[in-house]
Amino acid sequence: MTESLLWNNLKYELQPWIRTAIDVMGFERMTPVQASTIPMLAGNKDVVVDSVTGSGKTIAFVIPVLEKIISEQANNVKFKKGHFHTLIIAPTRELSKQIQAVIDSFLDHYPEGLYPIRSKLLVGTNTRTVRDDVAQFLDDRPQILVGTPGRILDFLGNPTVKTSSCSMVILDEADRLLDGSFLGDVENILGILPKQRRTGLFSATINSAGENIFKTGLRNPIKITVNSKQSAPQSLNIDYAVVKLEKKLEYLLTLLNNYKFKKCIVYFPTCIFVNYIYNFFQHLQKSKVIESKLSIFSLHGKLQTSSRMKTLDSFTQTFDNAILLTTDVAARGIDIPDVDLVIQVDPPTDSDVFLHRCGRTGRANRIGKAIVFLSEGREEDFVPFMKVKNVELQRTDLKISNLPNNFYDIFKTWVLEDRARLDLGIKVYVSFIRNYSKHSAGSIFRLQSFDYAGLCKMLGLFRLPRMPEITKHLNETTSSSKIYEGGWLIDPPLDLNQILLRRREKRKNRLDDLKNLKAINDKKKLKSELKKKNMSWSNKTDSKEAKAGRRAKAQLKRKAIEEQLKLANDSSNESEEEDWKELVLQKKRKKGVITDVQGSFDDL
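Residues numbered from 1 in each chain as written. Predicted model: local features only at pLDDT ≥ 70, side-chain atom pairs only at ≥ 80, totals over all residues. Heavy atoms only, no water.

A. Highlighting the pairing of strand β10 (residues 295-299). By the criterion of burial, β10 is predominantly enclosed, with five of the five residues buried. Looking at chain direction, β10 and strand β11 (residues 322-326) are connected through five bridges and run parallel. Considered in β11, the bridge of Leu 299 is made with Thr 326. For the handedness criterion, the β-α-β arrangement of β10, helix α11 (residues 305-317) and β11 is classed as right-handed. (Buried < 20%, exposed > 50% of the residue type's maximum accessible area, 1.4 Å probe, protein only. Helix = DSSP H or I, 4+ residues; strand = E, 2+ residues; numbered from the N terminus. Pairing = 2+ DSSP bridges. Right-handed = clockwise from strand over helix to strand, strands pointing away.)

Below you can see the structure in the form of structure tokens.
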């Protein structure tokens with residue numbers, strides 16, 4: 001640490017109460033990104049900040065926001081009802097709540113008797129509507145709004161919310177906000193706000209936003225880059241382990257049982273995967289395969305907002321050794337104290353997210369370790385691929401220990417106890433394959449060389465699901481296990497109809513469905529029913545997408561007919577409007593009428 005990073009040497013004079021808050025929160029020195037950004041952003045400059053994960057970017061924009069509000073209030077600029085000063089946009093609810101918590105930590109030291117400064121969280125929940133947010137906003141008059149793009153856009157669309165006083169906009173994790181899924185909402189939000197404003201873009205991988213940065217309305221911005229030669233912080237050790245796909249869970253459990261950590265975050269590719277493994281881990285904990293002293297939490301995007309917030313708070317505040325099973329919903333910006341270990345069961349489909357996942361540990365110069373599992377074979381090329389992106393991975397050799405030798409049989413037995421588990425496991429399998437096919441490094445993560453049987457065993461399954469991807473590529477792959485006729489991994493095969501649901505109501509419904517299926521006498525109908533029953537999950541999804549596409553085409557066709565009729569009516573100056581639906585029906589009837597004689601009937 002150099003003396004230049006002392007807060008007393010900051011090239012901007014902070015409010016005394018902000019200095020007090022900094023001291024109370026234990027920030028003895030500035031980070032380089034804070035020393036560079038605070039004077040610029042607080043001094044009326046637009047900034048684009050590219051700094052490694054865990055380098056203190058949140059503080060770097062929170063302090064300028066508070067300084068600007070204080071300075072403008074000192075000039076007797078008070079906000080009328082329905083107006084606000086600063087808008088902070090983040091990609092997830094969890095990150096938005098965390099930013100608001102940091103702001104409120106500073107405001108706890110704001111002197112009493114001065115004009116009150118407040119913040120408001122704007123995220124979609126199952127308990128609060130946009131109307132509720134607007135009503136509270138009008139009553140409390142907060143100067144700072146923090147939230148996710150969708151909710152903010154709906155909020156700003158209310159006519160009682162005025163944007164003319166907004167003088168600062170912050171985009172946290174800007175590269176994520178400027179990609180395909182959020183870009184439209186963010187552009188619409190920025191279009192509503194005044195052009196004369198300060199704008200700050202912050203991310204650890206800002207370069208991936210590309211030309212979309214110029215869509216944010218920056219005015220002569222200053223780019224601040226910290227640690228550009230090394231993408232990861234020096235206190236973070238990133239390792240990789242080459243393992244057999246079917247053994248990934250066993251290696252994961254070995255680490256969880258034997259590695260000394262306070263808190264650990266484990267990343268899985270999909271929401272349904274998290275749910276499936278969480279349920280199985282609870283069973284293993286009851287069976288004492290997992291240490292009973294470990295607290296296990298699950299967090300993913302399919303949970304209701306209140307459940308997600310509660311889980312994150314519980315994991316953050318617990319004093320026990322804890323594990324969080326999650327998806328990329330907790331990959332960006334989340335700052336959880338005492339996270340010593342991050343494990344990625346599979347690399348993310350977006351290579352930029354890899355570093356964000358790793359960055360949940362090793363924050364603020366604290367030592368942290370991140371490990372990613374790579375399946376044997378082509379996936380090992382991921383290491384040189386990340387080296388090109390200035391991310392160095394060191395190989396570590398792991399050995400399975402302190403686990404039962406029949407681990408697969410334990411998993412399979414647990415699945416066979418309940419038909420719902422089997423169905424869920426199949427869905428997990430399909431979601432994994434579909435997710436795997438979307439890897440940005442498609443030359444490394446290829447379905448042609450994927451170990452389909454290995455994934456099946458990893459999930460405790462015993463038969464390959466019926467999927468076009470498997471049928472197409474299975475002969476090209478090198479399977480880790482013998483595959484019997486019908487896609488079975490065990491011999492003899494099981495009668496799947498005998499696997500019943502544990503819940504009585506669902507079990508009765510399933511037995512009734514089976515009886516009805518057997519009662520069908522019509523062979524053609526039976527064949528159709530069996531075809532639907534055995535259709536692959538991916539085909540069902542594709543058929544839903546096809547139906548949605550057909551509905552969209554029908555709507556466009558309807559609209560085109562309406563426009564044609566309108567033009568026809570205008571040109572003929574007819575006063576009576578014709579029903580376009582009736583015209584369409586008439587055209588169809590005309591097409592159905594056969595006016596020509598078919599064949600010769602002279603000899604009759």
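Let us keep going from here.
B. Examining the packing of helix α5 (residues 130-140) against helix α6 (residues 149-156) more closely. One way to put it is that α5 packs onto α6 with a least axis distance of 10 Å and a crossing angle of 65 degrees. Regarding α5 and α6, the two cross each other, and that crossing is right-handed. Where α5 approaches α6, its residues Val 130, Asp 133, Val 134 and Phe 137 are matched on the opposing element by Arg 151, Asp 154 and Phe 155. Residues of the contact of α5 with α6, tallied by class, amount to four nonpolar, no polar and three charged. (Axes fitted to C-alpha atoms, helices over the stretch in contact; angles between N-to-C directions. Left-handed = near helix turned anticlockwise from the far one by under 90°. Contact = heavy atoms within 4.5 Å. Nonpolar A, V, L, I, M, F, W, Y, C, P; charged D, E, K, R; others polar.)

C. Spotlight on the nonpolar core. If you look at the biggest cluster of nonpolar residues, it comprises 137 residues, and the most contacted ones within it are Phe 106, Leu 252, Val 266, Tyr 276, Phe 281, Leu 325 and Tyr 429. Per-domain counts for this core show at least three residues from each of domain 1 (7-225) and domain 2 (236-474). Apart from residues no more than four positions distant in its own chain, Leu 252 is found in contact with Val 266, Phe 268, Phe 281, Ile 343, Val 345 and Phe 373. By size, the runner-up hydrophobic cluster in this structure holds 30 residues, among which are Phe 155, Leu 156, Leu 177 and Ile 189. (Core = buried A, V, L, I, M, F, W, Y, C linked by side-chain atoms within 4.5 Å. Domains from an automatic or database assignment.)

D. Up close: the sheet that holds β11. Spatially, the seven strands line up as an open sheet ordered β10-β11-β9-β12-β13-β8-β14, and their pairing is parallel. The open sheet terminates on both sides in strands that have one partner only, identified here as β10 and β14 (394-395). The strands that α11 touches are β9 (263-267), β10 and β11; relative to β10, the one it contacts most, it runs at about 145 degrees.

E. Inspection of the packing of α6 against helix α8 (residues 180-192) at higher detail. The interhelical angle for the contact between α6 and α8, taken along N-to-C directions, is 35 degrees, at an axis separation of 9 Å. Where α6 crosses over α8, the two elements pack in a sense that is left-handed. Counting all contacts with α6, which are made through Pro 149, Gly 150, Ile 152, Leu 153 and Leu 156, the residues of α8 involved are Phe 182, Asp 185, Val 186, Asn 188, Ile 189 and Ile 192. Taken together, the residues of the contact of α6 with α8 sort by class into eight nonpolar, two polar and one charged.

F. How the structure looks around the pattern of salt bridges. Tallied over the entire structure, the rule returns 17 salt bridges. For Arg 19, the salt bridge is made with Asp 23, and the minimal N-O distance between the two is 3.5 Å. Within this pair, Arg 19 and its partner Asp 23 are both found in helix α1 (residues 16-24), separated by four residues, close to a single helical turn. A relative accessible area of 23% places Arg 19 in the partly exposed class. One continuous salt-bridge network, built from bridges that share partners, spans Lys 120, Arg 128, Asp 133 and Arg 151. (Salt bridge = Lys/Arg side-chain N within 4 Å of Asp/Glu carboxyl O.)

G. Expanded view of the sheet that holds strand β3 (residues 119-122). Reading across from one edge, β3-β4-β2-β5-β6-β1-β7 is the order of the seven strands in this open sheet, with parallel pairing throughout. Only two strands of the sheet have a single partner each, and these edge strands are β3 and β7 (222-226). Across this sheet, the average inter-strand angle for adjacent strands is 15 degrees, counted without regard to direction. Note: strand β2 (residues 86-89) against strand β5 (residues 168-172), four bridges, orientation parallel. Note that in β5 the partner of Ile 89 across the bridge is Leu 171.

H. Spatial organisation of helix α2 (residues 32-42). Within α2 the residues assigned to the buried category are Val 33, Gln 34, Thr 37, Ile 38, Pro 39, Leu 41 and Ala 42. In the segment just after α2, Asn 44 is the residue with positive phi, at about 70 degrees.

I. Broad picture of the packing of aromatic side chains. Enumeration according to the criterion identifies 22 aromatic pairs in this entry. With a centroid separation of 5.2 Å and an interplanar angle of 80 degrees, the aromatic rings of Phe 137 and Phe 155 are classed as edge-to-face. Of this pair, Phe 137 sits in helix α5 while Phe 155 sits in helix α6, placing them 18 residues apart in sequence. Phe 155 matches Phe 137 in its accessibility class, with the two residues each being buried. (Phe/Tyr/Trp six-rings, centres within 6.5 Å; stacked < 30°, edge-to-face > 60°.)

J. A look at the pairing of strand β6 (residues 198-203). Judged by how many residues are buried, β6 sits mostly within the fold: six of six residues are covered. Residue alternation in β6 divides its side chains into two sets, Arg 198, Gly 200 and Phe 202 and Thr 199, Leu 201 and Ser 203, and both sets are buried. In terms of strand pairing, strand β1 (residues 47-51) meets β6 through four bridges, oriented parallel. Opposite Val 48, over in β6, you have Leu 201 as the bridge partner. Where β5 and β6 come together, five bridges link them in parallel fashion. If you follow Ile 170 over to β6, its bridge partner there is Gly 200.

K. Region of the structure containing the side chain of Gln 34. As for its position among the elements, Gln 34 is in helix α2. Taking relative accessible area as the criterion, Gln 34 reaches 5% and is therefore assigned buried. At 3.1 Å, the side chain of Gln 34 forms a polar contact with the backbone oxygen of Gly 56. When residues no more than four places from it in sequence are discounted, the contact partners of Gln 34 are Trp 7, Leu 10, Arg 29, Pro 39, Gly 56, Ile 59 and Ala 60. (Polar contact = N/O pair within 3.5 Å; in protein donor to acceptor, adjacent residues only side chain to side chain.)

L. Structural detail: the confidence of the model for the protein. With 84% of its residues at a pLDDT of 70 or more, the protein has an overall mean of 85. Per-element confidence in the protein is highest for β2, whose mean pLDDT is 97, and lowest for helix α21 (residues 580-592), whose mean pLDDT is 58. Segment residues 573-578: pLDDT under 50, and three contacts once partners within four positions in sequence are set aside and those in other chains are kept. Counting interchain partners and residues more than four positions distant, the pLDDT-below-50 stretch residues 593-604 has zero contacts. (pLDDT = per-residue confidence, 0-100.)

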